[in-house]
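Examining the three-dimensional arrangement
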Amino acid sequence: MTGTARRIEADHSLDELAGLADAAGASVALRMLQERPRPDPATFIGSGKVTNLAAACAEADVDVVIFDNELTPAQLRQLEEKLERKVIDRTQLILDIFSRRARTREGKWQVELAQLKYMLPRLVGSSTALSRLGGGIGTRGPGETKLETDRRRIRVRIQAIQKEIDQVRQRRTQLRERRQKQSVPTVALVGYTNAGKTTLFNRLTNEKAVASDALFVTLDPMIRQVHLPDRRELLISDTVGFIDRLPHALVAAFRATLEEVAEAELALHVIDAASPDRERHVAAVQRVLEEVGAVDVPLIDVYNKADAITPDERRRIAERDPGAAVISASTGEGIDELIQMVASRLALDTRRITIVFDSEKEFDRQQIARLYRVARVVSHVATGGRVVIEADVPRRFIERLTTPGPEESNDAS
Ligand SMILES: Nc1nc2c(ncn2[C@@H]2O[C@H](COP(=O)(O)OP(=O)(O)OP(=O)(O)O)[C@@H](O)[C@H]2O)c(=O)[nH]1
Ligand SMILES: [Mg+2]
């Protein structure tokens with residue numbers, strides 16, 4: 001990469017960091033970029049830069065210094081000493097946003113678990129380590145400042161939370177299995193934070209979940225039934241957004257949430273088509289999908305915010321990614337086509353077939369009830385013990401509604 005390309009990328013990354021700082025409730029007073037062949041082991045940035053930074057901080061009356069990279073515990077301490085200010089790194093910033101956003105008990109546990117796991121190896125004798133993160137891990141009693149006590153308490157807490165999360169996970173698995181038995185397919189929305197997942201979710205489900213320009217607005221997964229025309233139904237899930245260099249502790253802690261994606265029958269990768277960082281975002285999402293074991297889930301690329309790009313750009317997307325959908329979740333453009341794509345990928349598109357049942361047989365009576373649930377019945381004629389039903393049946397169910405009489409016809413008109 002050339003120096004210029006590198007600088008542009010670093011600049012975009014700092015823009016994103018500013019967005020994250022904003023989401024954490026901070027306002028950016030100044031930004032600084034340093035280019036050096038490798039980080040300084042003691043202070044990450046070079047010593048000259050530290051001096052400059054300290055002066056700039058004093059001038060701009062800065063409270064907190066945020067680094068875009070992950071710092072070692074030693075670097076953190078040195079920097080805090082030299083800058084005489086609180087220093088946090090990108091990972092801590094993201095953890096902080098998540099802890100602000102978590103609403104459900106499950107979400108709160110997951111965030112706390114990630115925070116504790118991040119903190120544990122960073123407890124290096126500093127008696128202030130526990131107060132760095134603020135609430136969430138309980139207040140310390142008198143006399144308990146020893147490092148070992150801290151570590152032990154954290155480990156105990158980690159185990160307790162892990163147990164709660166495991167229970168949530170079991171419950172989720174049970175719910176998922178029930179849904180799978182009912183053969184209603186689940187479609188998961190995935191994508192970079194701020195790509196427009198919740199806006200699309202709302203449009204598809206007529207929900208009013210919070211969508212906003214801030215980062216990481218959605219933390220807790222939502223799942224809703226969607227009825228397509230012809231009685232076809234599917235479930236759509238909205239979940240936490242991804243980001244470049246998503247802290248590993250967070251991915252691990254959110255496993256219960258992210259399993260929804262891994263178990264989905266189809267994923268829609270929502271991409272902000274208008275972002276200058278589009279390609280980097282797409283790559284970051286792919287990395288997270290790998291990390292959560294969701295690479296085998298069939299995927300449709302959904303380029304969102306089509307209202308905000310030029311016709312030229314649309315053409316380029318269509319050429320490069322012909323299987324993709326191009327939509328605007330805000331205006332509704334392209335949504336019908338997207339629904340068609342989803343229906344056909346899930347084999348929810350229907351064929352008209354006629355089936356003859358024997359109403360004396362228990363199995364056949366069950367099948368008739370089933371047919372009424374999953375298909376649109378066009379005609380139903382019962383004569384003697386025979387029931388002839390003509391219906392529009394989703395492709396995925398045709399094989400399962402098998403073989404009653406020899407007269408069965410499979411005419412697809
Ligand atoms: N112009 C335009 N803006 C959109 C479109 N879809 C979503 N947005 C905007 O993009 C921002 C993010 O939308 P969300 O739906 O909250 O995005 P998200 O992917 O759920 O984000 P997180 O939950 O924070 O990860 C909001 O300001 C939306 O209004 C679109 O089709 N066009
Ligand atoms: Mg959202």
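Computed from a predicted structure; not experimentally measured.

As for the pairing of strand 3 (residues 186-191)
Within strand 3, six of the six residues are buried, which leaves the element mostly enclosed by the surrounding structure. Here five bridges tie strand 3 to strand 6 (residues 266-272), and the two strands are oriented parallel to one another. Pairing of A188 across the sheet is with A267, part of strand 6.

A few points about the pairing of strand 7 (residues 299-304)
Of the pairings in the sheet, the one linking strand 6 to strand 7 comprises six bridges and is parallel in character. Across the sheet, residue V270 finds its bridge partner in strand 7, namely V302. You can see the chain leave strand 6, run along helix 11 (residues 278-291) and come back into strand 7, and the turn it takes is right-handed. Alignment of strand 7 against strand 8 (residues 325-326), held across two bridges, turns out to be parallel. Bridging across to strand 8, Y303 finds its partner in V326. In terms of handedness, the path from strand 7 via helix 12 (residues 311-320) over to strand 8 forms a crossover that is right-handed.

Concerning the site of ligand 1
Around ligand 1, a shell composed of 23 residues is seen, among which G196, T198, A211, T218 and G241 lie nearest. Its residues assigned to classes, the shell around ligand 1 comprises seven nonpolar, twelve polar and four charged.

Description of helix 5 (residues 105-119)
Over its 15 residues, helix 5 extends 21 Å from the first C-alpha to the last, a length consistent with the 21 Å expected when each residue adds 1.5 Å. Of all 15 residues in helix 5, eleven are buried; the element is thus mostly enclosed. Along helix 5, the residues that are buried comprise E106, W109, Q110, V111, E112, L113, A114, Q115, L116, Y118 and M119.

A few points about helix 13 (residues 335-345)
All of the buried residues along helix 13 are L338, V342 and A343. For helix 13, the angular spread of buried residues about the axis comes to 135°, placing them on one side. Across helix 13 from its buried face, at more than 90 degrees, point the exposed residues D336, E337 and S344. Packing partners of the buried residues in helix 13 comprise strand 3, strand 6, strand 7 and strand 8. Downstream of helix 13 by a residue or two, A347 has a phi angle that is positive, lying close to 55°.

Focus: the sheet that holds strand 7
Pairing in this open sheet of six strands is mixed, and the strands run 4-5-3-6-7-8 from one edge to the other. The outermost strands of the open sheet, each flanked by one partner alone, are strand 4 (222-227) and strand 8. Direction of pairing for strand 4 relative to strand 5 (residues 233-238): antiparallel, over a ladder of six bridges. Within the sheet, the bridge partner assigned to Q225 lies in strand 5 and is L235. Contacts from helix 8 (residues 197-205) reach strand 3, strand 4, strand 5, strand 6 and strand 7 within the one sheet, and its direction differs from that of strand 5 by about 155°. Across the sheet, helix 11 is in contact with strand 3 and strand 6; its angle to strand 6 comes to roughly 150°.

Comments concerning the packing of helix 1 (residues 3-23) against helix 4 (residues 90-101)
Helix 4 packs onto helix 1 with a crossing angle of 40° between their chain directions and a minimal axis gap of 9 Å. It follows that helix 1 is oblique to helix 4 by the angle criterion. Helix-helix and strand crossings are classified by hand; for helix 1 and helix 4 the assignment is left-handed. Here L17, L20, A21 and A23 of helix 1 come into contact with helix 4, specifically with R90, L93, I94 and I97. The class makeup of the residues in the contact of helix 1 with helix 4 is seven nonpolar, no polar and one charged.

Focus: the confidence of the model for the protein
For the protein, per-residue confidence averages 86 on the pLDDT scale, and 91% of positions sit at 70 or higher. Contacts from residues 403-413, a stretch scored under 50 in pLDDT, to residues over four places away or in other chains number 18 contacts.

Criteria and cut-off values
- Residues numbered from 1 in each chain as written.
- Chains lettered and ligands numbered in written order.
- Predicted model: local features only at pLDDT ≥ 70, side-chain atom pairs only at ≥ 80, totals over all residues.
- Buried ≥ 20, exposed ≤ 12 C-beta atoms within 10 Å, placed from the backbone.
- Helix = DSSP H or I, 4+ residues; strand = E, 2+ residues; numbered from the N terminus.
- Pairing = 2+ DSSP bridges.
- Right-handed = clockwise from strand over helix to strand, strands pointing away.
- Near = placed C-beta within 6 Å.
- Nonpolar A, V, L, I, M, F, W, Y, C, P; charged D, E, K, R; others polar.
- Expected span 1.5 Å × (residues − 1).
- Arc of directions from axis to C-beta.
- Contact = placed C-beta atoms within 7 Å.
- Axes fitted to C-alpha atoms, helices over the stretch in contact; angles between N-to-C directions.
- Parallel < 35°, antiparallel > 145°, perpendicular 65-115°, else oblique.
- Left-handed = near helix turned anticlockwise from the far one by under 90°.
- pLDDT = per-residue confidence, 0-100.

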